[in-house]
Amino acid sequence: MSQAERIDGKVFAEGLRGQVAELAASFEQRSGRKAGLAVVLVGDDPASQVYVRNKGKKTIECGMASFEHLLPAETGQDELIALVDNLNADPAVDGILVQLPLPDHLDEQAVVDRISANKDVDGLTPVSTGRLALGLPGLVPCTPLGCVMMLKNRLGSLSGLDAVVIGRSILVGKPMAQLLLKESCTVTIAHSRTKDLPEVVRRADIVIAAVGRAKMVKGDWIKPGATVIDVGINRLPPEPGKEKGKLVGDVDYSEAVEVAGAITPVPGGVGPMTIAVLLRNTIVAAHRNEALDLAEDSI
Ligand code: GUN
């Protein structure tokens, strides 16, 4: 059997960022200001610092304004809430993202809940979550939206397909299931307590792996020809003589590529899409905030 098609998230993300850049330019002409994204990082987690720096760079490259708030790890709850309130009230800010996880002494949910729903480009507030569950327009979490975009790009209509989502996180698993349901898939959410997980996954035309366990999904779990989206980013222990371990997904790529019809690699699959969708959500929020019309379904 031939190898699966490799779904290139980098190329896809570049295309999406190109569309966002065009919309950002026309938004600036129509509104007289740039669309703006504020990112808040508390503490000095190195991986989060890299993400935040990347987000800022790509925001500016797309012709939008980037506001970075880098706060020390000991920042208090009241101070953080006050910053979110200021960003909510700032007309130059269309989108607010508070990088997660926050340090343990902070109440993450209370901080996220404080973000105005119309600036919630991460789609994590109760209002955004509720709107997604009700099928109403709103802002949707970036990673699952990026996965659905890649799936539709490859498969066209997803209607009637069997989709198995492995993982039930608020950031990926749950919104992913809602989005696939909206596309008329038959959706199963599997998790750590699911009985006979390999058998459940074998039914799927679409497999979304979002558990955070390196190479957990094996080749013989995959139905021949299925489309596999790997959301996992896991670092293996370093090989002798190397400083850093390899990045791998939740799917055993070398096995799955022999069985699947198409598969996203790690790195270079879902990861690059997430920031591109964040920029997409920001330009969508900006148009809504200025009451400018935009064909949202076309991006
Ligand atoms: N940390 C890792 N992924 C994300 C994300 O999509 N949004 C936020 N806010 N924090 C994250």
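Before reading further, recall that the structure is shown in the block above.
Each value, and the rule that gives it
Residues numbered from 1 in each chain as written. Predicted model: local features only at pLDDT ≥ 70, side-chain atom pairs only at ≥ 80, totals over all residues. Heavy atoms only, no water. Pairing = 2+ DSSP bridges. Helix = DSSP H or I, 4+ residues; strand = E, 2+ residues; numbered from the N terminus. Axes fitted to C-alpha atoms, helices over the stretch in contact; angles between N-to-C directions. Contact = heavy atoms within 4.5 Å. Disulfide = S-S within 2.5 Å. Buried < 20%, exposed > 50% of the residue type's maximum accessible area, 1.4 Å probe, protein only. Core = buried A, V, L, I, M, F, W, Y, C linked by side-chain atoms within 4.5 Å. Near = heavy atom within 4 Å. Polar contact = N/O pair within 3.5 Å; in protein donor to acceptor, adjacent residues only side chain to side chain. Areas by Shrake-Rupley, 256 points an atom, 1.4 Å probe, with all protein chains shown as cover. Parallel < 35°, antiparallel > 145°, perpendicular 65-115°, else oblique. Left-handed = near helix turned anticlockwise from the far one by under 90°. Nonpolar A, V, L, I, M, F, W, Y, C, P; charged D, E, K, R; others polar.

**Some remarks on the sheet that holds strand E4 (residues 95-98)**
The sheet built from three strands is open, its strands ordered E3-E2-E4 with parallel pairing. The sheet is open, and its two edges are formed by strand E3 (65-71) and E4, each paired on a single side. Averaged over all pairs of adjacent strands, the angle between their axes in this sheet comes to 15°, without regard to strand direction. Of the strand pairs in this sheet, strand E2 (residues 36-42) and E3 are connected by seven bridges, and their pairing is parallel. When the sheet's bridge partners are listed, Leu41 is paired in E3 with Leu70. Those strands touched by helix H2 (residues 46-61) are E2, E3 and E4, and its axis lies near 160° from that of E3. Across the sheet, helix H10 (residues 270-289) lies against E2 and E4, angled at about 130° from E2, the strand it touches most.

**Considerations on the state of the cysteines**
Among covalent bonds in proteins, the disulfide is the one between the sulfur atoms of two cysteines. Using the criterion set out here, one finds zero disulfides in the structure. The structure places no disulfide on Cys142, whose sulfur is separated from the nearest cysteine sulfur, that of Cys147, by 11 Å. Judged by its relative accessible area of 5%, Cys142 falls in the buried class. No disulfide involves Cys185; its nearest neighbouring cysteine sulfur is the one of Cys147, lying 12 Å away. Here Cys185 falls in the buried class, since its relative accessible area comes to 6%.

**Some words on the nonpolar core**
Grouped together as the largest cluster of nonpolar side chains are 52 residues, with contacts concentrated most on Met64, Leu180, Ile208, Ile229, Val231 and Ile283. Listing elements by their share of this core, those giving two or more residues are helix H1 (9-31), E2, helix H6 (142-155), strand E5 (162-166), helix H7 (173-182), strand E7 (206-209) and H10. No other element matches H10, which puts 11 residues into this core. Contacts of Met64, omitting those with residues within four sequence positions, involve Val20, Ala24, Lys34, Ala35, Thr59, Leu279, Thr282 and Ile283. With 22 residues, the next largest nonpolar core counts Val164, Ala204, Trp221 and Val259 among its residues.

**Here's the deal with the sheet that holds E7**
Reading across the sheet, the six strands line up as E1-E11-E8-E7-E5-E6 and stay open at both edges, with parallel pairing between neighbours. Each edge of the open sheet carries a strand with a single partner, namely strand E1 (5-6) and strand E6 (186-190). Sheet strands in contact with H7 are E5, E6 and E7, and its direction is about 170° off that of E5.

**Description of the site of the ligand**
Taken together, Leu97, Val98, Gln99, Leu100, Asp122 and Leu171 form the complete shell of residues around the ligand. At 3.2 Å from a nitrogen atom of the ligand is found a side-chain nitrogen or oxygen belonging to Gln99. Protein coverage of the free-state accessible area of the ligand, which is 280 Å², stands at 80%.

**Quick look at the packing of H2 against H10**
Contact geometry of H2 with H10 gives a least axis separation of 10 Å together with a crossing angle of 50°. On the basis of the axis angle, H2 is oblique to H10. Remark: the crossing between H2 and H10 carries right-handed chirality. In contact with Tyr51, Asn54, Lys55, Lys58 and Thr59 of H2, H10 contributes Ile275, Leu278 and Leu279. Here the contact of H2 with H10 is composed, by residue class, of four nonpolar, two polar and two charged.

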